[in-house]
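Structural description and commentary
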Amino acid sequence: MSVWLMLGFLQTAAAQSGSLRIAAVVNDEIISLFDLEVRLSLTLLGASLPNTRENRQRLAGQVLRGMIDEKLQMQEAQRVGITVPEQEVADAIRRIEAQNRMPAGGLTTMLAGQNIPRKTLEDQLSAALAWRRVVARRFSSAAEISDEEINEHLAQIEAQRGKPEILVKEILLPVDSPEREAEVRNFAERLVTQFREGAPFEGLAQQFSQSASARVGGDIGWIGADVLDEPLAQAIDGLPAGRVTEPIRTVLGFYILKVEDRRIREQAPPSDAMVTLRQIALPVPLDAPPERVTEISERMRAAVARAAGCGTLADVAKSLDAPDPIDLGRVRQGDLSPAIRDAVAQVTVGSASAPVPLPGGISIFVVCERESVMSDLPSRPEIRQRLENEKLEVLARRLMRDLKRAAFIDIRI
């Protein structure tokens with residue numbers, strides 16, 4: 001059946017029963033008013049907003065546009081042969097339950113209590129999962145992150161040492177056409193009002209933000225104010241923790257930022273430094289006179305002073321008639337015994353500690369590597385994933401814009 005015949009059938013049925021109306025047509029598919037009403041209930045529940053007539057009227061336009069986007073995303077997924085298994089959707093629902101400390105099946109029970117079909121949530125999750133696969137398949141090679149980019153990002157974090165940082169959450173509402181400027185601005189202002197009236201920012205971000213951070217309640221982590229675009233940096237300058245900005249217009253659309261906390265990024269304490277050590281030990285009898293101990297210590301000190309880093313320690317041990325060097329590996333400096341920790345604390349890489357008397361002998365420790373650890377420094381895999389997500393988000397937004405331009409979209413309400 002063609003879309004026009006389908007629409008004619010639905011319109012006839014609506015006229016006869018008064019119960020079915022079309023909210024929008026997206027290419028050859030429809031979104032019914034019933035679909036919109038149920039999705040509004042789900043959205044209000046997810047955002048922890050009162051299910052009032054006023055809230056439904058305020059959010060209807062934005063929710064409908066989100067449903068239109070989902071239709072386009074699912075149509076693109078179908079076009080390229082991407083499907084989402086039912087088990088994957090079920091797993092996503094279980095994750096939501098776990099995140100909200102709900103028992104298995106608790107979410108379904110909650111939805112039923114609000115007269116929301118479980119399928120409404122399943123459709124929303126399916127669209128998100130399918131779109132993620134579409135974007136990954138199409139742009140994975142374009143979003144690859146090099147080691148140089150990771151190193152540059154780490155250097156930027158290192159440069160923040162001693163500087164103020166802000167823990168920020170975001171909501172992004174794109175403006176995809178000039179005609180929607182006022183509409184999106186008004187909606188952003190409504191979200192700010194909803195937050196100030198008690199709605200949780202995280203729920204608003206999950207339901208309405210078009211940024212990749214929406215999945216984690218808008219959380220973008222600790223950042224330096226100087227890494228933000230100028231209008232965003234100005235908006236949060238001096239903003240107290242727990243407060244949100246007014247909507248901020250950028251080239252992408254309107255941002256709403258929430259300041260969670262502020263701090264000065266500091267170097268982690270020396271005890272958190274990671275050191276790679278090798279040990280040369282010479283046995284000394286327990287009853288050896290002090291002068292004998294001093295003699296052995298000086299001989300070890302002189303021998304190690306001639307070493308050219310960790311690679312020559314085997315020759316040094318041989319010249320002292322000592323056992324082969326012991327590789328202690330990479331250890332946290334704070335986990336070493338006090339005597340060893342104090343001995344290596346100020347030793348530069350490639351150099352040896354002063355002789356350390358230990359039970360049964362004297363040892364010298366050579367620092368092969370030292371890695372200062374910065375507080376909350378993300379791992380390289382975490383940085384790679386974050387940078388890839390940022391690239392994919394930009395590319396996904398462009399693809400969504402192209403799909404909208406090529407689509408037939410008829411909004412009926």
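Summarised in this report is the structure supplied together with it. Predicted model only: the values in this text are computed from it and were never measured. (Residues numbered from 1 in each chain as written. Predicted model: local features only at pLDDT ≥ 70, side-chain atom pairs only at ≥ 80, totals over all residues. Heavy atoms only, no water.)

1. Brief notes about the pairing of strand S6 (residues 253–264)
Note that strand S3 (residues 164–174) and S6 share eleven bridges and pair antiparallel. Each bridged residue has a counterpart across the sheet, and for proline 164 the counterpart in S6 is isoleucine 264. Pairing of strand S5 (residues 248–249) with S6, which is carried by two bridges, proceeds in the antiparallel orientation. When the bridges of S6 are listed, arginine 249 appears paired with phenylalanine 254. The antiparallel hairpin formed by S5 and S6 contains three residues in its connecting segment. (Pairing = 2+ DSSP bridges. Helix = DSSP H or I, 4+ residues; strand = E, 2+ residues; numbered from the N terminus.)

2. Quick notes on the environment of leucine 111
As for its placement among the helices and strands, leucine 111 is situated in helix H5 (residues 106–113). Look at leucine 111 and you get buried, because its relative accessible area is 2%. A sequence separation of 70 residues divides leucine 111 from serine 41, and the C-alpha atoms of the two residues are 9.4 Å apart. When residues no more than four places from it in sequence are discounted, the contact partners of leucine 111 are Leu42, Leu45, Ile116, Arg118 and Leu121. (Buried < 20%, exposed > 50% of the residue type's maximum accessible area, 1.4 Å probe, protein only. Contact = heavy atoms within 4.5 Å.)

3. Here we look at the sheet that holds S5
Read across the sheet, four strands follow the order S4-S3-S6-S5 without closing on themselves; strand pairing throughout is antiparallel. Single-partner strands in this sheet number two, and they are strand S4 (219–223) and S5. Taken strand by strand, helix H8 (residues 181–196) contacts S3, S5 and S6, and its axis lies near 35° from that of S6. (Axes fitted to C-alpha atoms, helices over the stretch in contact; angles between N-to-C directions.)

4. Description of the nonpolar core
For soluble globular proteins, the rule of thumb is that nonpolar side chains tend to be buried together. If you look at the biggest cluster of nonpolar residues, it comprises 62 residues, and the most contacted ones within it are Leu204 and Phe208. If you look at the next biggest cluster of nonpolar residues, it comprises 18 residues, including Ile296, Ala303, Leu320 and Val366. (Core = buried A, V, L, I, M, F, W, Y, C linked by side-chain atoms within 4.5 Å.)

5. Details of the pattern of salt bridges
Applying the stated criterion across every chain, the model contains 30 salt bridges. A salt bridge links arginine 138 to glutamate 76; the shortest N-O distance between them is 3.8 Å. Residue arginine 138 is located in helix H6 (residues 118–139), and its partner glutamate 76 is located in helix H3 (residues 53–79); the two are separated by 62 residues in the primary sequence. Residue class for glutamate 76 comes out buried when judged on its relative accessible area of 6%. (Salt bridge = Lys/Arg side-chain N within 4 Å of Asp/Glu carboxyl O.)

6. Comments concerning the sheet that holds strand S8 (residues 326–332)
Pairing is antiparallel in the open sheet, where four strands are placed in the order S8-S7-S10-S9. Because the sheet does not close on itself, it has two edges, and the strands there are S8 and strand S9 (356–358). Neighbouring strand axes in the sheet, compared pairwise and without regard to direction, differ in orientation by 35° on average. As paired elements, strand S7 (residues 274–283) and S8 share six bridges and run antiparallel to each other. Looking across to S8, one finds that threonine 276 is bridged to arginine 330.

7. Some thoughts on the environment of glutamine 279
Within the secondary structure layout, glutamine 279 lies in strand S7. Here the side chain of glutamine 279 touches serine 363 through a polar contact of 2.8 Å, side chain to side chain. (Polar contact = N/O pair within 3.5 Å; in protein donor to acceptor, adjacent residues only side chain to side chain.)

8. Notes on a nonpolar patch on the surface
Taken together, the side chains of Ile409, Ile411 and Ile413 define a hydrophobic patch exposed on the protein surface, amounting to about 220 Å² of accessible area. Turning to its location among the elements, isoleucine 411 is positioned in strand S11 (residues 409–411). (Patch = residues over 30% accessible without salt bridge, like charges linked within 9 Å, V, L, I, M, F, W, Y side chains within 5 Å. Areas by Shrake-Rupley, 256 points an atom, 1.4 Å probe, with all protein chains shown as cover.)

9. Concerning helix H9 (residues 201–208)
Taken residue by residue, H9 has Phe201, Gly203, Leu204, Ala205 and Phe208 as its buried positions. Packed against the buried residues of H9 are helix H2 (33–46), H3, S3, H8 and S6.

10. Concerning the packing of helix H4 (residues 86–99) against H5
Running from N to C, H4 and H5 cross one another at 85°; their axes reach a closest spacing of 9 Å. On the basis of the axis angle, H4 is roughly perpendicular to H5. From H4, Ile93, Ile96 and Glu97 reach across to H5, where they touch Gly106, Leu107 and Thr108. Counted by class, the contact of H4 with H5 contains three nonpolar, two polar and one charged residues. (Parallel < 35°, antiparallel > 145°, perpendicular 65-115°, else oblique. Nonpolar A, V, L, I, M, F, W, Y, C, P; charged D, E, K, R; others polar.)

11. Focus on the state of the cysteines
Taken as a whole and assessed by the stated rule, the structure comprises one disulfide. Covalent S-S linkage joins cysteine 310 and cysteine 368, the inter-sulfur distance amounting to 1.9 Å. Judged by the torsion about the S-S bond (-110°), the cysteine 310/cysteine 368 disulfide is left-handed. Of this pair, cysteine 310 sits in the loop between helix H11 (290–305) and helix H12 (313–319) while cysteine 368 is found in strand S10 (residues 361–371), placing the two residues 58 residues apart along the sequence. One exposure class covers both cysteine 310 and cysteine 368, and it is buried. (Disulfide = S-S within 2.5 Å.)

Just distances and angles here, no functional claims.
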